[in-house]
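Here are the chains, one letter per residue:
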Amino acid sequence: MNFSYLSHLDCPQCGETYDANDIQQLCVCGSPLLVRYKLDRVKQELKREDLLSRKADLWRYHELLPVSDPLNVVTLGEGMTPLLELPKLAEDYGITTLLMKDESLVPSCSFKARGAAVGVSKAKELGVRKLAMPTNGNAGAAWALYAARAGIEATIVMPLDAPKITRSEVALAGARLYLVNGLISDAGKIVAQEVGQNGLYDASTLKEPYRIEGKKTMGIEIAEQLGWEMPDVILYPTGGGVGLIGIYKALQELQEIGWVEGKLPRLVAVQAEGCAPIVKAWEEKAERSEFWPNSTTAAFGINVPKALGDFLVLKAIYETEGAAVAVSDEEMSVEQEKVARLEGAFICPEGAAAFAAARKLALAGWITEGERVVVLNTGAGIKYPESVQVNPPLLEVGEFISPIEQGK
Ligand SMILES: *Cc1c(COP(=O)(O)O)cnc(C)c1O
Ligand SMILES: [Zn+2]
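An unreviewed UniProt entry lists the protein under the name Threonine synthase, with Paenibacillus wynnii given as the organism. In UniProt, the protein has this text filed under Cofactor (unreviewed entry): "pyridoxal 5'-phosphate".

As structure tokens, then:
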């Protein structure tokens, strides 16, 4: 048995195939490339039960991951996050079963660690010494930390407004960090110039094929944690859309090797009203999105005005009869508080967007009685300290809580 059943790369736009043993970026046609495996052999040689004795991290699915030699695995223990029941919130929404896949509990406190773990491991296997990427913060933090562990030099460019903690993570890991007074799309232009000039490995979203593979493990885990049954709906806060593309790819691969059957869950892309290109495209039944001018939202991870893989996100939504929903920043912060008060979870603004969308879809009757719904909380709320404003009373030493306050 092989560690990986990697076969080759292919283009979802023009069908061209590529050798996965060489460094590949985009297809010549400009599309992202997808990783393909020898699934017929996986089907014959691997059983679901074989997983039971393995470690509770994402590398338990190594046959369906692209790293060929286990010595190239760069891990900080990522994966197998809780799939938590939220009964009080479920009742509040009028949803029969509501589950949170909680990605706050991975290294660097966002699900970006999954893409970084697999992306950096494969880069190491391919002999990459230097990589560069634009980021809204969390991806840069994760890639800088995993690159440090792999001994790869990282150059990271992020908007000035990106969450400050991610700057610290990147800098502490010893990466070259640059801020840009603009959006992630502007950071992307700077990286493209740097890549062209200095021959760096371009680790921008979907410009290397392996980040999707790390993120797809969220989909495999959800299936395994539900005893290889499918939920009815999965909601995902969508920026570049890699998580959604990955979850869809994972579920299709699991179908192909016969580990799950029946109808796939309806996939829901959730965006912010201030940056909703996928929602607009879905409403217009379009195949691709258009650049969203002057995008703005406090949910920084989903501030992506134009995603390279938009057509793959939209395809996943159409093919699963899913939906795309926009929520306001106000709705996000209301929901963030609600989740903390009812269930004790301090979720990130992006995760709060997905919860707000679940509430809307239940209210609209799109989610129906008896359905099982999974919401991705993509990161920890504590990475965004400025998302919550508090003003507690300050007591001087010797001063005590007044009876009026106590009675509150
Ligand atoms: C990056 C990010 C997202 C969006 O993920 P994509 O896979 O790019 O759509 C959502 N939430 C958080 C916290 C993120 O950092
Ligand atoms: Zn192509």
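Now that the structure has been shown, we can carry on.
Colleague: What should I look at first to understand the coordination of the zinc ion (ligand 2) in this one?
Modeller: Four donors placed tetrahedrally about a metal ideally form angles of 109.5 degrees, and six donors placed octahedrally ideally form angles of 90 or 180 degrees. Within the protein, Cys11 (SG), Cys14 (SG), Cys27 (SG) and Cys29 (SG) serve as the donor atoms for the zinc ion (ligand 2), at 2.2 to 2.3 Å. Considering all four donor atoms around the zinc ion (ligand 2), the spread of angles at the metal, 104 to 117 degrees, places the coordination shape in the tetrahedral class.

Colleague: Sorry if this is basic, but what is going on with the site of ligand 1 here?
Modeller: Neighbouring residues of ligand 1: 18 residues in total, closest Lys112, Tyr236, Gly239, Gly241 and Thr378. A distance of 2.9 Å separates an oxygen atom of ligand 1 from a polar side-chain atom of Asn138. Gly239 is positioned such that a nitrogen or oxygen atom in its backbone is 2.8 Å from an oxygen atom of ligand 1. Its free accessible area being 380 Å², ligand 1 has 96% of it covered by the protein chains. For the shell around ligand 1, the secondary-structure elements that each account for two or more residues are strand S10 (233-237) and helix H8 (242-256). Its residues assigned to classes, the shell around ligand 1 comprises seven nonpolar, eight polar and three charged.

Colleague: Could you clarify how one ought to interpret the sheet that holds strand S8 (residues 176-180) in this entry?
Modeller: The strands that make up a sheet pair up through hydrogen bonds in the backbone, lying either parallel or antiparallel. Pairing in this open sheet of four strands is parallel, and the strands run S8-S7-S6-S9 from one edge to the other. The sheet is open, and its two edges are formed by S8 and strand S9 (201-202), each paired on a single side. In terms of strand pairing, strand S7 (residues 153-159) meets S8 through five bridges, oriented parallel. Looking across to S8, one finds that Ile156 is bridged to Leu177.

Colleague: Whenever I open this one, the pairing of S10 confuses me. Can you help?
Modeller: Looking down a regular strand, the side chains alternate between one sheet face and the other. Burial of S10 is extensive: five of the five residues sit out of reach of the surface. Covered by surrounding structure in S10 are Val233, Leu235 and Pro237 together with Ile234 and Tyr236, the residues of both alternating faces. Pairing of S10 with strand S11 (residues 266-272), which is carried by five bridges, proceeds in the parallel orientation. Residue pairing across strands places Pro237 opposite Val270, the latter belonging to S11. With H8 bridging S10 and the parallel S11, this β-α-β connection has right-handed handedness. Across three bridges, the pairing between S10 and strand S13 (residues 372-377) is parallel. Note on S13: the bridge partner recorded for Val233 is Val373.

Basis of the calculations
- Residues numbered from 1 in each chain as written.
- Chains lettered and ligands numbered in written order.
- Predicted model: local features only at pLDDT ≥ 70, side-chain atom pairs only at ≥ 80, totals over all residues.
- Heavy atoms only, no water.
- UniProt positions renumbered as here; feature names shortened; annotations may be inferred.
- Donors = N, O, S within 2.8 Å, 3.2 Å for Na, K, Ca; no water.
- Tetrahedral: all angles 85-135°; square planar, octahedral: opposite > 155°, others 65-115°.
- Near = heavy atom within 4 Å.
- Polar contact = N/O pair within 3.5 Å; in protein donor to acceptor, adjacent residues only side chain to side chain.
- Areas by Shrake-Rupley, 256 points an atom, 1.4 Å probe, with all protein chains shown as cover.
- Helix = DSSP H or I, 4+ residues; strand = E, 2+ residues; numbered from the N terminus.
- Nonpolar A, V, L, I, M, F, W, Y, C, P; charged D, E, K, R; others polar.
- Pairing = 2+ DSSP bridges.
- Buried < 20%, exposed > 50% of the residue type's maximum accessible area, 1.4 Å probe, protein only.
- Right-handed = clockwise from strand over helix to strand, strands pointing away.

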